[in-house]
Amino acid sequence: MHLAPDLVRDRRHHLRVYSCSFDAADCLSWLIEENEAPSRVAAVFLMNILQKSRILHHVTDDHLFKDQHLFFRFRQDDNTFPVTQVTRLFFFAQRLHDRLHSEPQSCLRKFQAGDKIVADAFKGAEFAQWLIRKNESRNLDEAVVSCQQLLDAGLIKCLDGVPSAKFRVADNFYNFAFDFNYRRRLHDLFLLPNVQKEASMQNIKFLPKTASAYEIYPGFDSHGNGSLSPMSPTPTLFSDTSSGSGGSPSTLNPFRPAFERRHIAKERMLEPDSGFVRKVIQVESDAVGYGFVLRGASPCYIQTVDPDGPAHKAGVKVGQYLYSVNDIIVFDRTHKDVASVIVDSHGKIRLVVFAEGDSPKC
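The following refers to the structure shown. (Residues numbered from 1 in each chain as written. Predicted model: local features only at pLDDT ≥ 70, side-chain atom pairs only at ≥ 80, totals over all residues. Heavy atoms only, no water.)

1. Section: the environment of Phe72
So, point 1. Positionally, Phe72 belongs in strand β4 (residues 71-74).
So, point 2. A relative accessible area of 0% places Phe72 in the buried class.
So, point 3. Put simply, Phe72 and Phe22 are 50 residues apart on the chain and 5.4 Å apart in space, counted from C-alpha to C-alpha.
So, point 4. Each residue touching Phe72, except ones within four places of it in the same chain, is listed here: Cys20, Ser21, Phe22, Ala24, Gln51, Leu56, His57, His58, Val59, His63, Leu64 and Phe65. (Helix = DSSP H or I, 4+ residues; strand = E, 2+ residues; numbered from the N terminus. Buried < 20%, exposed > 50% of the residue type's maximum accessible area, 1.4 Å probe, protein only. Contact = heavy atoms within 4.5 Å.)

Right, dumping it as structure tokens:
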């Protein structure tokens, strides 16, 4: 969509500009033209799935996706994409996949699986050692934990022997469970069992194809002409278990960004009556990372926190402003600069943050 002329752009409504947004009705027309869905109703169904799974949202979080001239935005474009253990593992696997395929002498090799040759396989022992050499893991134990998490998440799979739930640092062959370079189509969502189940509840049938699946609605012809009863206004395809600040997911608006930064001058935070207190937090990374996302500059702030990650367990919270990392003052730096400092910290960081509240000063 971002490559489509004039589809994703800055848009004005009354006196406000919404950056990197798109018009829902125009988006549906584009999806039909690009064969991403056979009808506008089908496209609305699929876009609601993306909204419920927090891929996109209404610019003011007031509407579900519908065939009207409403502005929507991808969460990746406004830095509100939720960070969870699942998404962290997915992007971790994607990074490993890209690094392996970009190196001329990586541990990838061919593996004969019956009558099929798998070109991008790797031995468990060699992959673990590769993770250590590339500083993706600090030692063998940590590398095994990372591999086990990837295996448990279904991101890698065993190719030989009896399938095992335990990752083996041996000569067993593994590969990534799917191709990260594959250009996914919107209608590929119909290959997901939970999507098919939800569609079946609305009397939507599917016709599987070799590379993807198209839906066939009752009363629709091959051109997508026909009618369909309105879909449920509250789709329940994906349960949202992330809460940004560690709260109960059931009490949160699933379409609301995790944190919207207030414009506060950093000089104001340093004043005694500012309402901000300084806190020290020690965080040690796990096999995947620290589990939080920084945004902004001068100062940068905690935008999202993985509720299952080490940062959340240590006390890092959404909305805190970062003052220093390992005694390096970063109050005037951008989040990218601070990220570089954190990467060089060898798995342990000492954060000094400004937070609103009544906690005692350090």
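Next comes the rest of the description.
2. Side note on the pairing of strand β6 (residues 116-123)
So, point 1. In terms of strand pairing, strand β5 (residues 109-113) meets β6 through four bridges, oriented antiparallel. Residue pairing across strands places Ala113 opposite Lys116, the latter belonging to β6.
So, point 2. In this antiparallel pair of consecutive strands, β5 and β6, the connection spans two residues, and Gly114 shows a positive phi of 70 degrees.
So, point 3. Inspection of the sheet shows β6 paired to strand β8 (residues 173-176) by two bridges, in the antiparallel sense. Within β8, the position partnered with Lys123 by the bridge is Phe173. (Pairing = 2+ DSSP bridges.)

3. A word on the packing of helix α1 (residues 24-33) against helix α2 (residues 40-52)
So, point 1. Two elements in contact, α1 and α2, have axes separated by 9 Å at closest approach and are oriented at 110 degrees. Considered as vectors, α1 and α2 are oriented roughly perpendicular to each other. In this structure, the crossing between α1 and α2 has a hand that is right-handed. Counting all contacts with α1, which are made through Ala25, Cys27, Leu28, Ser29, Leu31 and Ile32, the residues of α2 involved are Arg40, Ala43, Val44 and Met47.
So, point 2. Of the residues that constitute the contact of α1 with α2, the class distribution is eight nonpolar, one polar and one charged. (Axes fitted to C-alpha atoms, helices over the stretch in contact; angles between N-to-C directions. Parallel < 35°, antiparallel > 145°, perpendicular 65-115°, else oblique. Left-handed = near helix turned anticlockwise from the far one by under 90°. Nonpolar A, V, L, I, M, F, W, Y, C, P; charged D, E, K, R; others polar.)

4. Here's the deal with the sheet that holds strand β2 (residues 16-23)
So, point 1. Ordered by their spatial adjacency, four strands build an open sheet running β1-β2-β4-β3, and the pairing between neighbours is antiparallel. Each end of this open sheet is capped by a strand with a single partner; those strands are β1 (9-13) and β3 (56-58). Shown here is a sheet whose adjacent strand axes are inclined to one another by a mean of 55 degrees, direction ignored.
So, point 2. As judged from the four bridges shared by β1 and β2, these two strands associate in the antiparallel manner. Bridged to His13 within β2 is Arg16.
So, point 3. Taken strand by strand, α1 contacts β1, β2 and β4, and its axis lies near 25 degrees from that of β2.
So, point 4. Strands β2, β3 and β4 of the sheet are contacted by α2, whose axis makes an angle of about 95 degrees with β3.

5. Brief notes about the state of the cysteines
So, point 1. This structure, assessed with the given rule, holds zero disulfides.
So, point 2. Free cysteine: Cys107, not disulfide-bonded; nearest cysteine sulfur from Cys147 at 9.5 Å. (Disulfide = S-S within 2.5 Å.)

6. Brief notes about the environment of Val44
So, point 1. By the element assignment, Val44 lies in helix α2.
So, point 2. Residue classification places Val44 among the buried positions, given a relative accessible area of 12%.
So, point 3. C-alpha of Val44 to C-alpha of Leu28: the two residues are 16 residues apart in sequence and 7.4 Å apart in space.

7. Brief notes about the packing of helix α3 (residues 85-102) against helix α4 (residues 124-133)
So, point 1. Between α3 and α4, the shortest axis-to-axis distance is 12 Å and the interhelical angle comes to 95 degrees. Compared by their axis directions, α3 and α4 come out roughly perpendicular. Mapping the contact onto sequence places Leu96, Arg99 and Leu100 in α3 and Phe127, Trp130 and Leu131 in α4.
So, point 2. Looking at side-chain class alone, the contact of α3 with α4 contains five nonpolar, no polar and one charged residues.

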